[in-house]
Amino acid sequence: MLDYVGLEGDLDREERMIRDTARRFVDEQVRPDIGEHFEAGTFPTDLIPEMGDLGFYAPNLDGYGLPNVSETAYGLLMQELEACDSGLRSMASVQGALVMYPIHAFGSEAQKERWLPDLGTGEAVGCFGLTEPEHGSNPSAMETHAERDGDEYVLNGSKTWITNSPIADIAVVWARDRSATEDDDEAPVRGFLVETDRDGVTTNEIKEKLSLRVSITGEISLQDVRVPESNVLPNVEGMKGPLSCLTQARYGIAWGAVGAARDCFETAREYASDREQFGGPIARFQLQQEKLAEMATEITTSQLLAHRLAELKERGELRPQHVSMAKRNNVRMARDQSRIAREILGGNGITTDYPPMRHMANMETVYTYEGTHDVHTLILGEDLTGIAAYE
Ligand SMILES: Cc1cc2nc3c(=O)[nH]c(=O)nc-3n(C[C@H](O)[C@H](O)[C@H](O)COP(=O)(O)OP(=O)(O)OC[C@H]3O[C@@H](n4cnc5c(N)ncnc54)[C@H](O)[C@@H]3O)c2cc1C
């Protein structure tokens, strides 16, 4: 596996073990059928509990049966899952960073005890409802709202593009709490734990995707859905709730994208060595070597950025803007390099027999979700100049 500057040497025993466990799991259990899942547009749901048993959901958190592994180990896990398919990493990212993290960080003790063990083992599946049909890049304009009625809240609104909503047991729904004011601009955003079997909840699947096909995506429609007050995440208010979850998930994406690009590189390198044209392997042509050299360099610099993020995160010095830079850079890198790998594979490169074009299609989603490339550009622009250019 490509590790051009010897980062392996810096890993401790536990980090190597976690990486190797994930690599073995995908090689044995997922890779053999991944092309078929991609063509069928299905996720191997039978593996969800096994991924839990192996500790793939939020292992960087502590308590409630969670092992509190290093941020490097967590990153390596995301890298190995996405080296197989972005859909697999999305499953672990959503469950861990977008559902378990907010419950762990902002939930009541009862909420933590009720949900974290089941989500950690994969006995329960969660989803994260922020995006709305009319509000994607600007979620703070959300229309979904909650009104208080005695000791209950009544939720109305709709969310879309929600990973796992059709198979979820619990949805973390971000909504404006109108109890204090009818003016939506003033009403604080709060997180609500909404069991998906409650009256008024529907979760239609979005099936027409040409990207991230090994992932279940859907809507969440909320029509007069009643939840008890005890389902509100008590310890956060405002957009920092959902945004802090996104920082966790984007951290995993910055690592994961390197895995997808590495898988493309390894496939292209092997193919170039085996494929013969004009009397010898195509790897002997300078044109092909230039592509491989460029890919290896781009992957290595992205890997270094991911490792640096882990160090900063461990030290408590990671800023959301650091994560924006890495998400933006590493996903663009993987998007570009998957296309080059596809090119090296010639006609075979457009089939599901080889991973590059599947990764290439997946990267269109990864480039767009969790803050589009453009939005991360604006975040960096604001950080660098002090001037916000969103509007
Ligand atoms: C497969 C998939 C899974 C997803 N999973 C989830 C999930 O689990 N939970 C969830 O809440 N959401 C999820 N999303 C939603 C995702 O986060 C949004 O698609 C994303 O935030 C972009 O929103 P949008 O699609 O509405 O695009 P828009 O916001 O409409 O953007 C369209 C284009 O305009 C650009 N643009 C927008 N604003 C600006 C600006 N100020 N300046 C310059 N350009 C701008 C964008 O960069 C983009 O190119 C998922 C999306 C996909 C595709």
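The structure displayed is predicted, hence computed values, not measured ones.

(A) Molecular detail of the packing of helix α3 (residues 71-84) against helix α7 (residues 286-314). Between α3 and α7, the least distance of the axes is 8 Å, while the angle of their chain directions is 145°. In the packing of α3 onto α7, the handedness of the crossing is right-handed. Contacts between α3 and α7 pair E71, T72 and Q79 from the former with Q303, H307, A310, K313 and E314 from the latter. Taken together, the residues that form the contact of α3 with α7 break down as one nonpolar, four polar and three charged.

(B) Highlighting the pattern of salt bridges. In total, this model carries 24 salt bridges according to the counting rule given. The salt bridge partner of R226 is D149, with a shortest N-O separation of 2.9 Å. One end of the pair, R226, is in strand β9 (residues 217-228); the other, D149, is in strand β4 (residues 145-149), and 77 residues separate them in sequence. Taking the relative accessible area as the measure of exposure, D149 reaches 38% and is therefore partly exposed. Among the salt bridges present, the one from R308 reaches E311, with a minimum N-O distance of 2.7 Å. You can see R308 and its partner E311 sitting in helix α7, three residues apart, about one turn around the helix.

(C) Molecular detail of the state of the cysteines. As enumerated under the stated definition, the model contains zero disulfides in all. Cysteine C127 shares no disulfide, and the gap to the nearest cysteine sulfur, in C245, comes to 13 Å.

(D) Region of interest: the packing of aromatic side chains. Under the defined criterion, the tally for this structure stands at six aromatic pairs. Judged by centre distance (5.3 Å) and plane angle (70°), the rings of Y153 and F192 are edge-to-face. Of this pair, Y153 sits in strand β5 (residues 152-163) while F192 is found in strand β7 (residues 189-195), placing the two residues 39 residues apart along the sequence. In this pair, the class of Y153 matches that of F192, namely buried. The ring of W115 is capped by R114, whose NZ or CZ atom sits 3.8 Å from the centre of that ring. Above the plane of the ring of Y251 lies K313, whose end atom (NZ or CZ) is 5.0 Å from the centre.

(E) Structural context of the site of the ligand. Around the ligand, a shell composed of 17 residues is seen, among which T131, S137, W161, T372 and D374 lie nearest. Residue W161 places a main-chain N or O atom 2.7 Å away from a nitrogen atom belonging to the ligand. Within the side chain of D374, a nitrogen or oxygen atom sits 2.7 Å from an oxygen atom of the ligand. Here the ligand, which alone exposes 970 Å², has 68% of that area covered by the protein. Counting residues per element, the ones that place at least two in the shell around the ligand are β5, α9 (356-368) and α10 (373-385). Element by element, the count of residues in the shell around the ligand is highest for β5, at three residues. Class assignment of the residues belonging to the shell around the ligand gives a composition of eight nonpolar, seven polar and two charged.

(F) Highlighting a nonpolar patch on the surface. On the surface, a nonpolar cluster with roughly 340 Å² of combined accessible area is contributed by Y4, V5 and L304. Counting through the fold element by element, L304 comes out in helix α7.

(G) Looking closely at unusual backbone geometry. Phi is positive for A58, close to 50°, though the residue is something other than glycine. Tracing the chain through its elements places A58 in the loop between α2 (48-53) and β1 (62-63). When its relative accessible area of 2% is taken as the criterion, A58 is described as buried. You will see that N68, though not glycine, has its phi angle at about 55°, which is positive. With respect to the helices and strands, N68 occurs in the loop between β2 (66-67) and α3.

(H) Representation of the environment of A326 in the model. Of note, A326 is situated in helix α8 (residues 320-344). Judged by its relative accessible area of 0%, A326 falls in the buried class. When the C-alpha positions of A326 and L233 are compared, they lie 29 Å apart, and in sequence the two are 93 residues distant. In this view, A326 contacts A254, L305, L309 and V331; residues no more than four positions away in its chain are not counted.

(I) The arrangement of the pairing of β9 in detail. Sheet topology places β5 next to β9; nine bridges connect them, and they run antiparallel. Counted as the bridge partner of G157 is L222 from β9. Of the pairings in the sheet, the one linking strand β8 (residues 201-202) to β9 comprises two bridges and is antiparallel in character. Bridging across to β9, T202 finds its partner in S221.

The rules behind the values
Residues numbered from 1 in each chain as written. Predicted model: local features only at pLDDT ≥ 70, side-chain atom pairs only at ≥ 80, totals over all residues. Heavy atoms only, no water. Axes fitted to C-alpha atoms, helices over the stretch in contact; angles between N-to-C directions. Helix = DSSP H or I, 4+ residues; strand = E, 2+ residues; numbered from the N terminus. Left-handed = near helix turned anticlockwise from the far one by under 90°. Contact = heavy atoms within 4.5 Å. Nonpolar A, V, L, I, M, F, W, Y, C, P; charged D, E, K, R; others polar. Salt bridge = Lys/Arg side-chain N within 4 Å of Asp/Glu carboxyl O. Buried < 20%, exposed > 50% of the residue type's maximum accessible area, 1.4 Å probe, protein only. Disulfide = S-S within 2.5 Å. Phe/Tyr/Trp six-rings, centres within 6.5 Å; stacked < 30°, edge-to-face > 60°. Lys NZ or Arg CZ within 6 Å of the ring centre and 35° of its normal. Near = heavy atom within 4 Å. Polar contact = N/O pair within 3.5 Å; in protein donor to acceptor, adjacent residues only side chain to side chain. Areas by Shrake-Rupley, 256 points an atom, 1.4 Å probe, with all protein chains shown as cover. Patch = residues over 30% accessible without salt bridge, like charges linked within 9 Å, V, L, I, M, F, W, Y side chains within 5 Å. Pairing = 2+ DSSP bridges.

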